[in-house]
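Structural description and commentary
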Amino acid sequence: MWLLIGIVLTLVWTCLKEYPRLWKERRKKELVLLTLVTIVVSALSLAESIGAHLPNPLDWIAMALGPYPKAVYSLFR
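Keep in mind it's a predicted model, so treat the numbers as computed, not measured.

All right, on to the confidence of the model for the protein chain then. On average, residues of the protein chain score 87 in pLDDT, and 100% of them are at 70 or above. Predicted confidence in the protein chain is weakest over helix H4 (residues 67-75), with a mean pLDDT of 79, and strongest over helix H2 (residues 28-49), with 90.

This is the structure in structure tokens:
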């Protein structure tokens, strides 16, 4: 429970601290990027804190690159 509260408070603090400054300086691209990153990180943090099973991104990379290391190793044998 405390972890959820901490994540939400960090999200609120970031929004209150950064968004008005970026809006005032008319940095629209940075504002959009910050919004996207904040949403993704908050969603993943909240899911992890409630105990949801999240897949490991390194497994996806290993699956995508799976045949290539074997081909390179076979060239050097």
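Having put the structure on the table, let's press on.
What follows concerns unusual backbone geometry. Generally, phi is negative for residues other than glycine and the peptide bonds are trans, each holding for most cases. Positive phi values are uncommon outside glycine, yet Arg-26 reaches one of about 55°. Turning to its location among the elements, Arg-26 is positioned in the loop between helix H1 (2-24) and H2.

Another aspect to go through is the environment of Arg-21. Relative to the elements of secondary structure, Arg-21 occurs in helix H1. Of the residues examined, Arg-21 reaches a relative accessible area of 35% and is grouped as partly exposed. A sequence separation of 22 residues divides Arg-21 from Ala-43, and the C-alpha atoms of the two residues are 24 Å apart.

Between H1 and H2, whose axes approach to 11 Å, the crossing angle comes to 180°. One element, H1, and the other, H2, form an angle in the roughly antiparallel class. Seen from H1, the contacting residues are Leu-3, Leu-4, Ile-7, Leu-11, Glu-18, Tyr-19, Leu-22 and Trp-23; seen from H2, they are Lys-28, Glu-30, Leu-31, Leu-34, Thr-35, Thr-38, Ser-42, Ser-45, Leu-46 and Ser-49. Residue composition of the contact of H1 with H2, by class: ten nonpolar, five polar and three charged.

As a further point, take the pattern of salt bridges. Scanning the model with the defined rule gives four salt bridges in all. Two residues, Arg-21 and Glu-25, come together in a salt bridge whose shortest N-O distance is 3.7 Å. Where Glu-25 meets Arg-27, a salt bridge forms, and the shortest distance between an N and an O atom there is 3.3 Å. Classification of Glu-25 as partly exposed rests on a relative accessible area of 38%.

Attention now goes to H1. For H1, which comprises 23 residues, the first-to-last C-alpha distance of 33 Å matches the rise-based estimate of 33 Å (1.5 Å per residue) to within 8%. Along its length, H1 shows its largest kink, about 25°, at Glu-18, and proline Pro-20 lies within four residues downstream of that point. The set of residues buried in H1 consists of Ile-7, Thr-14, Tyr-19 and Leu-22. Summarising the contacts, the buried residues of H1 are in contact with H2. At the C-terminal side of H1, Arg-26 shows a positive phi close to 55°.

What counts and how
Residues numbered from 1 in each chain as written. Predicted model: local features only at pLDDT ≥ 70, side-chain atom pairs only at ≥ 80, totals over all residues. Heavy atoms only, no water. pLDDT = per-residue confidence, 0-100. Helix = DSSP H or I, 4+ residues; strand = E, 2+ residues; numbered from the N terminus. Buried < 20%, exposed > 50% of the residue type's maximum accessible area, 1.4 Å probe, protein only. Axes fitted to C-alpha atoms, helices over the stretch in contact; angles between N-to-C directions. Parallel < 35°, antiparallel > 145°, perpendicular 65-115°, else oblique. Contact = heavy atoms within 4.5 Å. Nonpolar A, V, L, I, M, F, W, Y, C, P; charged D, E, K, R; others polar. Salt bridge = Lys/Arg side-chain N within 4 Å of Asp/Glu carboxyl O. Expected span 1.5 Å × (residues − 1). Bend = angle between axes of the 7 residues up to and from the residue.

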